[in-house]
Amino acid sequence: MILKDIETLIGQVGNVTGHKNFDEIKPSVEWAEEFVLLPAIGQPMYDVIDALANADASGSGSASGSGSASASGSGSASANVTSETDAAILLKKCIRVVAHYAMFDYVTISDSRVTSQGLQIVETATHKTAFDYQKRDRKKYHGEKADFSLDSLLLYMEINKSKYPEWSENPAVYTQTRDLIINNTVEMQKYVEIGQSRRTYMAMRTMIKDVEMLKLRPALGEVIYAALKAYILNGGTNTNYQILLDLVAPAVAHLAIADALPSIIFRIAGETVTVATYNPIPEKEKDQFTKIVVRLTDNHTIVGSSYLDAAVKFIKNTPDLLSVSPYADDAGHNGGIYNNSDDKKHFVGF
């Protein structure tokens, strides 16, 4: 664990009483580390900061990077190892993330106990249980702080990716890849307002992939689709494929957000849509919120479909696209070209 005591928790979240038993909050801290932080930065990167945190706890190092403990074993950065100093900076940012997500989780059960008489609330002569609206406000506070802290952490790591190779060289968690039509937050932000949120982009990756496979690939055809993906991966310069990408990328972005709106908890402010850990909607506003979601979904679907139609029309009017495809004459290429078989009367490939 990287967050080990009440004093560190108080330093991040504020008004938690100093005499609070950390063992009571510990399960929420463990949840935050395992199910929020670990998926965001990956096991190798987590192991680096966890080792530093444990060294600090034993008195052999310091979170400021001034101690003798080293994430790299020598205290200096290498081509594939994070330095102790950089790990210490990351540790502090990660602790803030964990603290707020832990409090977000803990608030739900903080005023109740399971006893031999069943579930009971906690009240004393000087303290009474918070009202429901106060608990909602507290969860909203920690949820928003946690989300913004995680986004800030991911942005910092992107800017300083060379310092954190355990993260940036891990394709399972790195926030900028080259395997999709839209490969990072900046590209997504160009077409859909997501508040520059790295976390929102990461949540959207599954929808982006689904849109590519279920809508884009059938519309473009296997040859053009494979060639476009190769163009993106290899940083191509062909003018026609760039024009096609400029039509396809907004199509994917809008269709992906339309698919995501009904199924992901979003924080919606005007046209800005960002992923929210907690987005409580007052009962009297639920109908209005539902109408907003439906409107946004319909709008993004229309815009995305229009861009996709324009891309298909461009393909039909630009035969040169096939002539420059790296897959046009190679049915056995790993790109996955399919050819129509006169004998079998359907598309075959690979």
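Heads up: the structure comes first, above all this text.
The notes below deal with the structure included here. Nothing here was measured: the structure is a model prediction, and the numbers come from that model. Chains are numbered independently. Their residues run from 1 in the order of the written sequence. Local features in this predicted model are restricted to residues whose pLDDT is 70 or higher, and side-chain atom pairs enter the listing and the counts only when it is 80 or higher, whereas totals over whole chains, interfaces and linings include all residues. Hydrogen atoms and water are omitted, and side-chain values are computed over all heavy atoms in the structure.

Attention shifts here to the overall build of the protein chain. Comment: elements are numbered from the N terminus, with helices defined as DSSP H or I runs of at least four residues and strands as E runs of at least two. Helix and strand content of the protein chain: 12 helices and 6 strands. Taking as baseline every contact in the protein chain between residues at least 6 positions apart, the subset at least 24 positions apart corresponds to 63%. Contacts were defined at the residue level, with two residues in contact if any of their heavy atoms lie within 4.5 Å.

Attention now goes to the environment of Asn170. You can see Asn170 is positioned in the loop between helix H6 (165–168) and helix H7 (185–191). Residue class for Asn170 comes out buried when judged on its relative accessible area of 16%. Sequence separation of Asn170 and Pro44 is 126 residues, and the distance between their C-alpha atoms is 8.4 Å. Contact partners of Asn170, with chain neighbours within four places excluded, come to Gly42, Pro44 and Pro165. The cut-offs for exposure are 20% and 50% of the maximum accessible area for each residue type, with area from a 1.4 Å probe on protein chains only; residues under the lower value are buried, those over the upper are exposed, and the others partly exposed.

In this section: the pattern of salt bridges. Only one rule defines a salt bridge in this text: a Lys or Arg side-chain nitrogen within 4 Å of an Asp or Glu carboxyl oxygen. This structure, assessed with the given rule, holds 12 salt bridges. When the shortest N-O distance is used, the salt bridge between Glu144 and Lys140 registers 2.8 Å. Here Lys140 and Glu144 lie together in helix H5 (residues 132–159), a separation of 4 residues that amounts to about one turn. What makes Glu144 partly exposed here is its relative accessible area of 22%. Between Lys215 and Asp259 there is a salt bridge, with the nearest N and O atoms lying 3.5 Å from each other.

Now for the packing of aromatic side chains. The pairing test for Phe, Tyr and Trp rings, Trp by its six-membered ring, is centres within 6.5 Å, and the orientation test on the planes gives stacked under 30 degrees, edge-to-face over 60, and tilted for anything in between. For the coordinates displayed, the defined rule picks out 4 aromatic pairs. On the numbers, 6.0 Å between centres and 55° between planes, the contact of Tyr156 with Tyr164 is tilted. Residue Tyr156 shares its accessibility class with Tyr164, and that shared class is buried. Each ring, one from Trp167 and one from Tyr174, has its centre 4.9 Å from the other, and the planes form 85°; the classification is edge-to-face. Judged by relative accessible area, which is 10%, Tyr174 ranks as buried.

Our focus in this paragraph is helix H10 (residues 239–260). Between the first and last residue of a helix there are one fewer steps than residues, each counted as 1.5 Å, and that sum is the expected span. Taking 1.5 Å of rise per residue, 22 residues should cover 32 Å, and H10 covers 32 Å from first to last C-alpha, within 8% of that figure. Judged by how many residues are buried, H10 sits mostly within the fold: 16 of 22 residues are covered. Backbone nitrogen of Asn240 and a side-chain oxygen of the N-cap are separated by 3.0 Å at the start of H10; the cap is Asn238. Each polar contact in these results corresponds to two N or O atoms within 3.5 Å; when the atoms are within protein, one needs to be able to donate a hydrogen and the other to accept it, and residues that are neighboring in sequence are counted only if both atoms are side-chain atoms.

We call two strands paired when DSSP finds no fewer than two bridges between them. Two strands pair when backbone bridges link them, and strand S3 (residues 266–269) and strand S4 (residues 272–275) are joined in this way by 4 bridges, in the antiparallel orientation. Paired with Ile268 across the strands is Val273, a residue of S4. In textbook terms, the turn of a hairpin is the stretch between consecutive antiparallel strands, and for S3 and S4 this stretch comprises 2 residues, one of which, Gly270, has a positive phi near 65°.

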